[in-house]
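Summary of structural features
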Amino acid sequence: MITVPSTRRGPGGLQAMAFGLAALITTLDQAAKALARVRLDTAMELTPFLSLRLGFNPGVTFGLFADSGAAGRWTLSGVTALIIGALLVWIWRTRTAMTAVAGSLLVGGAAGNLLDRLRFGAVTDFIDLHWGAAHWPTFNLADAAIVCGVGLLLLPVRGATVQTAPSTMGRAAR
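Here's a quick rundown of the structure. As the structure is a prediction and not an experimental result, all values here were calculated from the model. (Residues numbered from 1 in each chain as written. Predicted model: local features only at pLDDT ≥ 70, side-chain atom pairs only at ≥ 80, totals over all residues. Heavy atoms only, no water.)

1. Digging into helix 3 (residues 97–120)
Test applied: Numbered from the N terminus, helices here are DSSP runs of H or I no shorter than four residues, and strands are runs of E no shorter than two. Under the convention used throughout, the expected extent of a helix is 1.5 Å for every residue step, that is, one less than its residue count. Each residue is placed in one exposure class: buried if its accessible area under a 1.4 Å probe, protein chains only, is under 20% of its type's maximum, exposed if it is over 50%, and partly exposed if it falls in between.
When the terminal C-alpha atoms of helix 3 are compared, their 34 Å separation across 24 residues agrees well with the 34 Å that a helix rising 1.5 Å per residue should span. Most of helix 3 sits out of view: 17 of its 24 residues are buried. Looking one or two residues past helix 3, Gly121 carries a phi angle of roughly 80°, positive in sign.

2. Brief notes about the packing of aromatic side chains
We count it as follows: When two rings of Phe, Tyr or Trp (its six-membered ring) have centres within 6.5 Å they constitute a pair, described as stacked for plane angles under 30 degrees, edge-to-face for angles over 60, and tilted for the intermediate range.
All told, the structure shown has one aromatic pair when counted by the stated rule. A centroid spacing of 6.3 Å and a plane angle of 25° characterise the contact between Phe19 and Trp92, whose relative ring orientation is stacked. Here Phe19, found in helix 1 (residues 13–39), pairs with Trp92, found in helix 2 (residues 69–93); they are 73 residues apart in sequence, far enough to count as distant. Owing to a relative accessible area of 27%, Phe19 belongs among the partly exposed residues under this scheme. The exposure class assigned to Trp92 is partly exposed, which follows from its relative accessible area of 36%.

3. Looking at the pattern of salt bridges
To keep things clear, this is the line we draw: For this document, the term salt bridge refers to a Lys or Arg side-chain nitrogen within 4 Å of an Asp or Glu carboxyl oxygen.
Considering all chains together, one arrives at four salt bridges under this definition. For Asp116, the salt bridge is made with Arg37, and the minimal N-O distance between the two is 3.9 Å. Taken together, the residues span a long stretch of sequence, with Asp116 in helix 3 and Arg37 in helix 1 at a distance of 79 residues. Taking relative accessible area as the criterion, Asp116 reaches 0% and is therefore assigned buried.

4. Structural notes on the side chain of Ser77
Applicable threshold: In this description, contact between two residues means that some pair of their heavy atoms is separated by no more than 4.5 Å.
Assignment of secondary structure puts Ser77 in helix 2. Given a relative accessible area of 4%, Ser77 falls into the buried group. Excluding its chain neighbours within four sequence positions, the residues that come into contact with Ser77 are Leu114, Arg117 and Leu118.

5. Structural notes on the environment of Leu115
Its location among the elements puts Leu115 in helix 3. On the basis of relative accessibility, which here comes to 34%, the residue Leu115 falls in the partly exposed class. Separated by 38 residues in the primary sequence, Leu115 and Ser77 place their C-alpha atoms 8.9 Å from one another. Apart from the residues lying within four places of it in its own chain, the contact partners of Leu115 are Thr26 and Gln30.

Next up, the structure:
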């Protein structure tokens, strides 16, 4: 019997790790939110600047589109699903660990919030950062993963040098 090597390329170790990390982030986020929904009937002060306080956000970042109703909920869910799909393709094609990890943080966070929106009509938030009476909008582990993913993507920009073309100002035309 003759065997022909497959030309079909599957994910390498990097992609498998990234997909696994995305699934882990989604799972941890969902577990933390479930615990918050069951245990946080009143706010719990952990430090002078950190509390656990249960909240629900039917919108997106900072409560945008919170009053958009069922149509908004399904539109946001559809857009999120498309973004997750695009990110999965991006992870599949990447060859750098930084991009794979950043993508997995974004996918895991987006999937965690999408599951909440589909199941409950709103995203469960419970982490409350504050300084005195000034409160940052309540968030969750999925939101933190998304912020970290974006931060990882921006890291290479910080060290980038800008190369410009040599100036021709002040030179005589030839």
